[in-house]
Amino acid sequence: LQDKFDLDTLASSLEFLHDLVETKAFKEAGIELFDPFPPCAHNKFRTKAYYDCYARQWVQTLYHPVGTAAMTTVLDSQLKVKGVQNLRVADGSAMPKIVGGNTNAPIIMIGERAAEFIIEDWNNRMTNTDSHASNPKDKNE
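Thresholds, definitions, all that
Residues numbered from 1 in each chain as written. Predicted model: local features only at pLDDT ≥ 70, side-chain atom pairs only at ≥ 80, totals over all residues. Heavy atoms only, no water. Helix = DSSP H or I, 4+ residues; strand = E, 2+ residues; numbered from the N terminus. Rg over C-alpha atoms; globule rule 2.2 N^0.38 Å. Contact = heavy atoms within 4.5 Å. Areas by Shrake-Rupley, 256 points an atom, 1.4 Å probe, with all protein chains shown as cover. Lys, Arg positive; Asp, Glu negative; His and termini not counted. Charge placed at Lys NZ, Arg CZ, Asp CG, Glu CD. Buried < 20%, exposed > 50% of the residue type's maximum accessible area, 1.4 Å probe, protein only.

Visitor: Pulling in residues and values, what's your account of the overall build of the chain?
Guide: Counting its regular elements, the chain contains five helices and zero strands. Traced from its N-terminal end to its C-terminal end, the chain shows the element sequence α-α-α-α-α. On C-alpha atoms alone, the chain measures out to a radius of gyration of 27 Å, which is more than a quarter above the 14 Å that the 2.2 N^0.38 rule sets for 141 residues. Partitioning the intrachain contacts of the chain with sequence separation of at least 6 by distance along the chain shows that 46% fall at a separation of at least 24. Surface summary for the chain: the accessible area is close to 10500 Å², and the carbon and sulfur share equals 57%. With 15 positive and 19 negative side-chain charges, the chain shows a separation of 3 Å between the mean positions of the two kinds.

Structure below.
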C-alpha cells in the first residue's frame, strides 16, 4: 500500500462500510462491526488515520493470484520462459486468467504437464545423444 491512491481507495471503502452498517436495514438485521479494530485503537475512531491504519493492517487478497508469468506473454506453450534457457514456470502464474473456481486442481495440472514436458525434452536429448554417438561419421567431427 505504498501508492496513496490505493490507500485512499481502501480507506474510503472502509468508511463507506461503516456508514452502510449504520443504516436502518443493517441495524434491523442485527449487523454490527467489532470496533475499534484493536491494532488501530490508538487512532481516533472513524478518522482518516484510523481507516488508513485499518487498511494497512487488514488488507489481504480473497483469491489466488495468477497470471504473473502468463502463457503467450512470458511463457511459450511448453511453459518455457521466453528468452531464457532451461527455465520453466509450473505454477499458477502460468495461467493467463484466473479460473472461476479454486485454483488448486488447475495448478496441479500445470505441474503435471510441466513434468511431462521436461521428461519429453530429456528423452529427446538422450535419443539424440545416443544416435549421435552411435553414428561413426559423428565420431570424426
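So, next bit.
Visitor: How would you explain the side chain of Asp121 if you had to name every residue and give the values?
Guide: By the secondary structure assignment, Asp121 is in helix H4 (residues 104–134). For Asp121, a relative accessible area of 16% gives the class buried. Leaving out residues up to four positions away in the same chain, Asp121 has contacts with Gln78, Lys80 and Arg88.

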